Amino acid sequence: MKKLLLAFSMALLSSCAFVQKEKTIEFIQPEEHYTNAKRVYISNVSSPRYLDTDDMAYIYKHQLRYFAKHRFPCSLNCTVKNYLLEALPYLVEKPISDYELSIYIYDFEPSFKTFHSGNMILKARFYLKHKNTYKIEDFNYDKAFSVKDFSGLINQENIALQAMTKKLNNFIKYAIIIFKESKNV
C-alpha cells in the first residue's frame with residue numbers, strides 16, 4: 001500500500017511539472033492607414049509552415065525557436081492579413097476587384113545577438129495580378145534593435161510590419177498605374 005501511495009504521489013507531482021500556463025496573446029496594430037481609389041482583392045497571405053503558426057518565432061544562436069509565454073491571436077498569415085486589412089482599407093476579402101494581391105512571407109522574426117538586442121527580419125514578396133499580367137515586388141527588412149522588454153520587441157515587429165505596409169501601398173499604386181498605361185498602349 002505504501003509503494004502504491006508513493007507511486008501515485010510521484011505520478012501526480014511529475015504531471016504537475018508539465019502543466020503549461022496560457023500564453024499571452026500579443027496584438028500588433030497599425031499606426032498608419034493608407035487609401036487608394038481602386039479596390040484590391042487580397043486573395044492570399046502565405047508563409048512556410050514553421051512560420052504559419054500562432055507561436056511567435058525568433059532566432060537565437062542560429063536556431064529557430066518560439067517564445068514560451070507569448071503568441072499571436074491567430075496564425076502569422078492570419079495576423080499579417082488582418083493587419084493589412086486594417087492599414088489598407090481598400091483591400092477587400094471578396095473577389096470583387098480586377099486586381100488580385102497575394103503575399104508570401106519568407107521570414108518574420110527577431111534574430112537575437114544578445115538577450116536584448118539583435119535584428120528584426122521581415123522578408124516578403126508581393127504579387128499583384130490584373131487579368132493575365134503580374135507585377136512582383138520583393139520586400140526585405142533587416143534592422144538592428146535594442147529593447148528592454150517584450151513590449152519593446154512587439155513594437156519592433158510593428159515597425160517592421162508598418163514598413164512593409166508602406167512599401168506594399170506604394171507598390172500597389174505604382175502597379176495599377178502601369179496596368180492602366182499598358183492597357184492604353
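Residues numbered from 1 in each chain as written. Predicted model: local features only at pLDDT ≥ 70, side-chain atom pairs only at ≥ 80, totals over all residues. Heavy atoms only, no water.

## Quick word on the overall build of the protein chain
Convention followed: Here a helix means four or more residues in a row that DSSP labels H or I, a strand means two or more in a row labelled E, and each is numbered from the N terminus. Exposure categories follow from relative accessible area, calculated using a 1.4 Å probe and restricted to protein chains: below 20% of the type maximum is buried, above 50% is exposed, and the middle band is partly exposed. In what follows, residue pairs with any heavy atoms lying within 4.5 Å of each other are defined as contacts. Every accessible area reported is derived by Shrake-Rupley at a probe size of 1.4 Å, with residue values counting cover from the shown protein chains alone.
The number of helices and strands found in the protein chain is 3 helices and 8 strands. Element order for the protein chain, N to C, with α for helix and β for strand: α-β-β-β-β-α-β-β-β-β-α. Here the protein chain holds 185 residues, and the buried ones make up 42% of them. Contacts in the protein chain between residues at least 24 apart in sequence constitute 69% of all its contacts with a sequence separation of at least 6. Element-wise, carbon and sulfur atoms account for 55% of the exposed surface of the protein chain, whose accessible area totals about 11500 Å².

## Some remarks on the state of the cysteines
Just so we agree on the cut-off: Criterion for a disulfide: a pair of cysteine sulfur atoms at a distance within 2.5 Å.
A complete count under the given rule lists 1 disulfide for this structure. Covalent S-S linkage joins Cys-74 and Cys-78, the inter-sulfur distance amounting to 2.1 Å. Handedness of the Cys-74-Cys-78 disulfide follows from its S-S torsion of about -90°: it is left-handed.

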